[in-house]
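Descriptive analysis of the structure
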Amino acid sequence: MNMKIAIWDQRYSVSVKSIDQDHQKLFDLLNQLFEAMTKGQGKNIIGSIVQELERYTIYHFNREETFFRTTGYSKANEHIAEHSFFKQKVAEFKQNINKSDSTITPDVLTFLRDWLVNHILKIDKAYEAHFKKYSIQ
Ligand code: FEO
């Protein structure tokens, strides 16, 4: 049975195909982490998923921030500050896994999922109408 902590559906859509696909990939990585944690996988496996989560998070945030620049998005600064906060948290979790025998805890996983879901629904959704004007895909 596949265990999931985050399921993407249309209410998360920001009407930009590349960004919706990024968000689906990030949900997929959270589900991989959840499954690995539930099965009691060791820090090597958990650590490599967190590493990929960090890499893909940065890749995704860079995509959005490039669109902000190319379209002159007025709420870019506060949005980028949110991204910076999350990148720092993910980097901290990765370091904690690397420097100890701990893996990931349910609290950390819940934090990552809740932050991402809230960010998409509140902060990302705010650019939907703006990007539509520029036909960003
Ligand atoms: Fe989709 Fe602002 O992150």
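Residues numbered from 1 in each chain as written. Predicted model: local features only at pLDDT ≥ 70, side-chain atom pairs only at ≥ 80, totals over all residues. Heavy atoms only, no water.

1. A closer look at the environment of Ala76
In this structure, Ala76 sits in helix H3 (residues 76–99). A C-alpha to C-alpha distance of 28 Å links Ala76 and Gln95, two positions 19 residues apart in sequence. (Helix = DSSP H or I, 4+ residues; strand = E, 2+ residues; numbered from the N terminus.)

2. Description of helix H2 (residues 43–71)
With 29 residues, H2 should reach 42 Å at 1.5 Å per residue; the first-to-last C-alpha distance of 41 Å fits that figure. Looking one or two places after H2, you find Gly72, whose phi comes out positive at around 60°. (Expected span 1.5 Å × (residues − 1).)

3. Notes on the side chain of His119
With respect to the helices and strands, His119 occurs in helix H4 (residues 106–124). You can call His119 buried: its relative accessible area is 4%. Looking at His119, its side chain comes within polar contact range of the side chain of His79, at 3.2 Å. Beyond its immediate chain neighbours, meaning those up to four positions away, His119 contacts Glu64, His79, Glu82, His83 and Asp124. (Buried < 20%, exposed > 50% of the residue type's maximum accessible area, 1.4 Å probe, protein only. Polar contact = N/O pair within 3.5 Å; in protein donor to acceptor, adjacent residues only side chain to side chain. Contact = heavy atoms within 4.5 Å.)

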